[in-house]
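# Chain and residue survey
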Amino acid sequence: MSRICSHCVPRIVLGAAAFAACVASLNAPAHALKLEDFKIEQTGDRPEIRVLFDRPADNWTTVTGANVTFRIGWEITVKASHALAPGSKVSVSLDNVSAEAALQSTNNHYSELHLGTFQLQKPGNALSEVKDRALQTCQTIRSNGGKPNKEHRIPYGFMASAHAYAQTTATWFTDESASANKLAFIDIVCEADPLWHEPYAPPAGGLAVDKGPFQVKSVELFLTTFQNQVTNPTPGTECKKLQVKVRIETNKTGPVTYKLWRQPGSDETKAHLSTFQEDGPFKGRFIAEDTFVHTFDKTTYVQYMAESGSNAPFGVSTQWKDITIHCTSTAGGGLTVGPPQGGGDLIPGFKVKTAQLKIIGIEGKSCPTKAFVAATFTTNKAGKFRYFIGTSVDKNESGELEAKKVGGVFRVQETLTVDITKSGKLLAHTRAVDFPSALAFASRSYNCDGVKPVGGLTAAVDPTHNSGKSRVPQLPKVAPKISCGGGKAKDGKCLCPAGKVPVAAAVNAWRCIGRTAGSTQAKPSR
């Protein structure tokens, strides 16, 4: 018996403990702790990050070590039935800077508003995302012809995030957390260089001076993406366009041959004439420059190098430069993270090359009739793209088309049917949405009633619901021709002598008969 009881005792103890915990939970408030209305906001003057211009490199190359200070205000409502326990805090982070503050109870009320301001400070050259963006922005300004003779100031926004964590001294409660996000802004300042000047033009007769054998002095390569320059390879997807610029400087005017290498992918060989620049940012120098725009269908990691073979026995080349072109959804989510496995594949850019538009009518058909607006697009390869067809009668169509190979050409056609109900000129246009150069127009005149069309053919302006007014011309009312036996027909009526009434004998035929008691005169219908 003692052995049996020794097994029973622990179970009895466990049951009591579980019961006590259950009672405690039943006595606990419905919400022991709750965090509400957590938000953050940038306050004070907008900070700035400064980039210095390097004259020998002819570009902005260095972010200064000046402190960058962000001020982020925060507030949160804490609803707690017990005091907050140590470890309750609010933290905020942006770029690679962060700060935190303790959350402490200030009174015994159930609902408390907590607020404060974080001051995050770090040298500009110690930042990460903002530093890289500042360098890229200033160098893009320079590659587009911007000069350091004045300061360039560009606002840039990026995400600041905050996190709140709280716990109470109640034994039955663990913790509660909340998050908040907000755009923070900073000014990117490409500093002016007061000693910079335009390159000096050579003295008179300088072009005639013998400068020795023709040679390439330098080759430069620039890879640039822009904020709003994107393609949409599939609905809901955006891929950055890449601008590839090759700039070659020589010692005098002459032909330059160079190769643009891509890895992975195929290279391009180009021939260009280096010419003397009489104005602009390269005044007084001999420059050959080419710009290419490459588009991509998916996130792609790619490398480029430019090499000129104009110098014998060795050419002049740049270093390999790499870039990852990210494709993201329009909702902001990334489709991939980092370079694709194996370096990725370079996808030849899809392009709509041409658009044609024709209006086809039904021969010998008077109005109302139909017009067929036929749009034809050609592309550089098979693929999908968005299109639009519009007309002056408010009949439009948009959607997605897929070009396929037909013979030796990639093409696709779409037809819009339009109802023609009045005389005038039908106007139509079509375009490929993401390829502005693929655009076409067409027009055709329609003469429905034998008179010269006036104005454009447009949609009806009268209401289509029942307004009590008919747009169909009404014929004048004419009394029907009838016969009247034993009487006289006049104005569509049968007039009988006294004591007789007209009675219908057939359609539009009446005869007069003697009146009987209780009879009424029938009215002939018109």
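Residues numbered from 1 in each chain as written. Predicted model: local features only at pLDDT ≥ 70, side-chain atom pairs only at ≥ 80, totals over all residues. Heavy atoms only, no water.

Once that is clear, we can look at the overall build of the protein. Helix and strand content of the protein: 2 helices and 32 strands. Buried positions account for 34% of the 526 residues belonging to the protein. Counting only carbon and sulfur atoms, one obtains 53% of the accessible surface of the protein, whose full area is about 31300 Å². (Helix = DSSP H or I, 4+ residues; strand = E, 2+ residues; numbered from the N terminus. Buried < 20%, exposed > 50% of the residue type's maximum accessible area, 1.4 Å probe, protein only. Areas by Shrake-Rupley, 256 points an atom, 1.4 Å probe, with all protein chains shown as cover.)

Here the focus is the nonpolar core. Counting 43 residues, the largest nonpolar core has Phe38, Ile49, Ile76, Phe158 and Ile186 as the members making the most contacts within it. Looking at this core, the element that brings in the most residues is strand 4 (residues 67-80), giving 7 residues. Apart from residues no more than four positions distant in its own chain, Ile76 is found in contact with Leu35, Glu36, Asp37, Phe38, Leu103, Glu112, Leu113, His114 and Ala164. Membership of the second largest hydrophobic core comes to 27 residues, among which are Val352, Leu357, Val373 and Ala403. (Core = buried A, V, L, I, M, F, W, Y, C linked by side-chain atoms within 4.5 Å. Contact = heavy atoms within 4.5 Å.)

All right, on to helix 2 (residues 129-143) then. A rise of 1.5 Å per residue sets the reference length of helix 2, with its 15 residues, at 21 Å; its end C-alpha atoms lie 21 Å apart and thus fit the reference within 8%. Along helix 2, the residues classified as buried are Val130, Ala134, Leu135, Thr137, Cys138, Thr140, Ile141, Arg142 and Ser143. Buried-residue contacts for helix 2 involve strand 2 (48-54), strand 3 (59-63), strand 8 (152-166), strand 9 (176-190), strand 10 (216-224) and strand 13 (242-250). A positive backbone phi angle near 95° is found at Gly145, which sits one or two residues after helix 2. (Expected span 1.5 Å × (residues − 1).)

In the predicted model, the protein carries a mean pLDDT of 77, and 76% of its residues have values of at least 70. In the model, residues 1-30 has pLDDT below 50 throughout and makes 3 contacts with residues more than four positions away in sequence or in other chains. Below pLDDT 50 for its whole length, residues 517-522 participates in 3 contacts with residues either more than four positions away or in separate chains. (pLDDT = per-residue confidence, 0-100.)

Moving on: the state of the cysteines. This model, assessed by the stated rule, comprises 4 disulfides. Disulfide partner of Cys239: Cys327, at an S-S distance of 2.0 Å. Because the torsion about its S-S bond is 115°, the bridge between Cys239 and Cys327 counts as right-handed. Residue Cys239 is located in strand 12 (residues 237-240), and its partner Cys327 is located in strand 20 (residues 327-329); the two are separated by 88 residues in the primary sequence. Note on accessibility: Cys239 and Cys327 belong to one class, buried. At a sulfur-sulfur separation of 2.0 Å, the disulfide partner of Cys496 is Cys512. Between Cys496 and Cys512 the sulfur-sulfur dihedral comes to about -85°; the bridge is accordingly left-handed. Residue Cys496 is located in the loop between strand 30 (493-495) and strand 31 (500-506), and its partner Cys512 is located in strand 32 (residues 509-514); the two are separated by 16 residues in the primary sequence. On the basis of relative accessible area, Cys496 is assigned to the partly exposed category, the value being 22%. Residue Cys512 is classed as buried on the basis of its relative accessible area of 12%. (Disulfide = S-S within 2.5 Å.)

As summarised here, the arrangement of the 6 strands in space is 3-2-9-8-5-6, forming an open sheet in which the pairing is mixed. Each end of this open sheet is capped by a strand with a single partner; those strands are strand 3 and strand 6 (97-102). With direction set aside, neighbouring strand axes in the sheet form an average angle of 30°. Here 6 bridges tie strand 5 (residues 89-94) to strand 8, and the two strands are oriented antiparallel to one another. Within strand 8, the position partnered with Leu94 by the bridge is Ala160. Those strands touched by helix 2 are strand 2, strand 3, strand 8 and strand 9, and its axis lies near 165° from that of strand 3. (Pairing = 2+ DSSP bridges. Axes fitted to C-alpha atoms, helices over the stretch in contact; angles between N-to-C directions.)

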